[in-house]
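Descriptive analysis of the structure
The primary structure of each chain is shown beneath.
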Amino acid sequence: MKAVFDSPTGPLRVDAPPATLAATAIQAPAWPRLDSAPASAPLITQQDSGDGTVRFRSTAYAVPDFTFAPGLMAGNGLVGALIGSFTVGDPGLLCLHAGAVEQDGRLTVLLGQNMAGKSTLAVALAAAGLRFWCDDRLPVDRDGLAFALALRPKLRLPLPTAAPAGFRAFVASRTGTPEADMVYLDLEAERCAGWGERLPLGRLLVLDRQDGAEMRLDGIATGEVVKALVPLAFAPHMGPLERLQRLRDLAESCPCQRLAYSDSFRAATFLATGGAA
Amino acid sequence: MSAYRRRPGISENRMGNDLFLVDPASGEIHHLDATAIALWTLLAEPRDEAEIVATFAAAFPDQPVETLQSDLRLALHAMRDGGLIEIA
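Residues numbered from 1 in each chain as written. Chains lettered and ligands numbered in written order. Predicted model: local features only at pLDDT ≥ 70, side-chain atom pairs only at ≥ 80, totals over all residues.

1. Describing the overall build of chain A
A count of helical and extended segments in chain A gives seven helices and 17 strands. Principal-axis analysis of the C-alpha atoms gives chain A an extent of 55 × 45 × 35 Å. Evaluated residue by residue, chain A yields a buried proportion of 43% over its 277 residues. Look at the contacts in chain A between residues 6 or more apart in sequence, and 72% of them connect residues 24 or more apart. (Helix = DSSP H or I, 4+ residues; strand = E, 2+ residues; numbered from the N terminus. Buried ≥ 20, exposed ≤ 12 C-beta atoms within 10 Å, placed from the backbone. Contact = placed C-beta atoms within 7 Å.)

Below is the structure:
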């Protein structure tokens, strides 16, 4: 089945089964579709891996050789291939593996490796009243403007034992489609950025979650932030020197801080109530 | 004993106290910790392991030489595996 997705760098063609496209729509319900695209537009195809899983290929870049179970996982894989394919379409665009929320008209960007708690903290901040931007993927252009993809946040289940009753109720009333031990949340439109919105970065927050850590917010040097950004930046179309310079520019474009904490929910309250000031 | 040296083509990028090395051939960006920075600085000229250990032992006289040697060997191997240095 052929489909065409809009993107910040132009149309993207997709050849994937209806089930995968439907799964993508669950994760990315607001991602616009188009009626047609020029034959020169990047083409993403789903391929059978031969073991019951699928992988994706793109004419725009070498997609990492990850395999996905059919269904929601495959939809997630296609979203990744879409993001990769449009990112390489703009020499100045890179995509950060990061969460973000809007705070005073700018983005607080949450930087951390997998399992660092980005999604939990981003959703906890949304529950605390900040506008959700993303929990995983943040495209940023050469001018430092971030693009909203309006992907649904995902949370791992069961929720952390430290999750307060209010957060559990917030999640329970917005629980959407489950995926293995994950669940997609359906946030109200006013709680999250719409597809295509752009905002500048307000600060970069390096997450440092450790059991028993006292909550602290400290300014950190550019090099420390760039060290955190290097493994989180997707930009295969940039040479390493250019990529490093872009990350340095990002780090120097706004305040950079390290948040030490042990409890995501207390951290969310701390940040949402001005602990960041 | 074989000497270690910096691999040609690696470029340095300093940001305050942090040092990043960029390998244009592999596309990799490496952030160096304090030990690796000291090693990289020392290897501005090719040096063998004994010279390196002696230099560190003079700088850290309270550290047992065996510990220094073991730590430095690990760091040298990591930098060599990362393509930053090579045997001259």
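2. Thoughts on the confidence of the model for chain B
All names here are of chain B. In the predicted model, chain B carries a mean pLDDT of 95, and the fraction of residues at 70 or more is 99%. Taken element by element, chain B is modelled with least confidence in helix H1 (residues 34-42), mean pLDDT 94, and with most confidence in strand S3 (residues 18-23), mean pLDDT 97. Note on the complex model: pTM 0.93, ipTM 0.89. (pLDDT = per-residue confidence, 0-100.)

3. Some details on the sheet that holds strand S4 (residues 28-32) of chain B
Residue and element names in this part refer to chain B. Spatial strand order, S2-S3-S4: three strands in an open sheet with antiparallel pairing. In the strand order of this sheet, the two ends are held by strand S2 (11-15) and S4, each with one partner. On average, each strand axis in the sheet is tilted by 25° relative to the strand beside it, whichever way the strands run. Looking at chain direction, S3 and S4 are connected through five bridges and run antiparallel. Residue pairing in the sheet places Phe20 in a bridge with His31 of S4. (Pairing = 2+ DSSP bridges. Axes fitted to C-alpha atoms, helices over the stretch in contact; angles between N-to-C directions.)

4. Considerations on helix H1 (residues 18-27) of chain A
Residue and element names in this part refer to chain A. Looking only at H1, the buried set comprises Thr20, Ala23, Thr24 and Gln27. Each buried residue of H1 sits inside an arc of 105° when the element is viewed along its axis, so together they form one side. Seen from the buried face of H1, the exposed residues on the opposite side, beyond 90 degrees, are Pro18 and Ala22. Against the buried residues of H1 lie strand S4 (43-48), helix H2 (72-87) and strand S13 (182-185). (Arc of directions from axis to C-beta.)

5. Observations concerning the environment of A:Arg106
Residue and element names in this part refer to chain A. Position of Arg106 relative to the elements: it lies in strand S7 (residues 106-111). The exposure class assigned to Arg106 is partly exposed, which follows from the 15 C-beta atoms found within 10 Å. On a C-alpha basis, the gap between Arg106 and Gly202 in space is 4.7 Å, while along the polypeptide they are 96 residues apart. Look past the residues within four positions of Arg106 in its chain and what remains in contact with it is Leu199, Pro200, Leu201 and Gly202.

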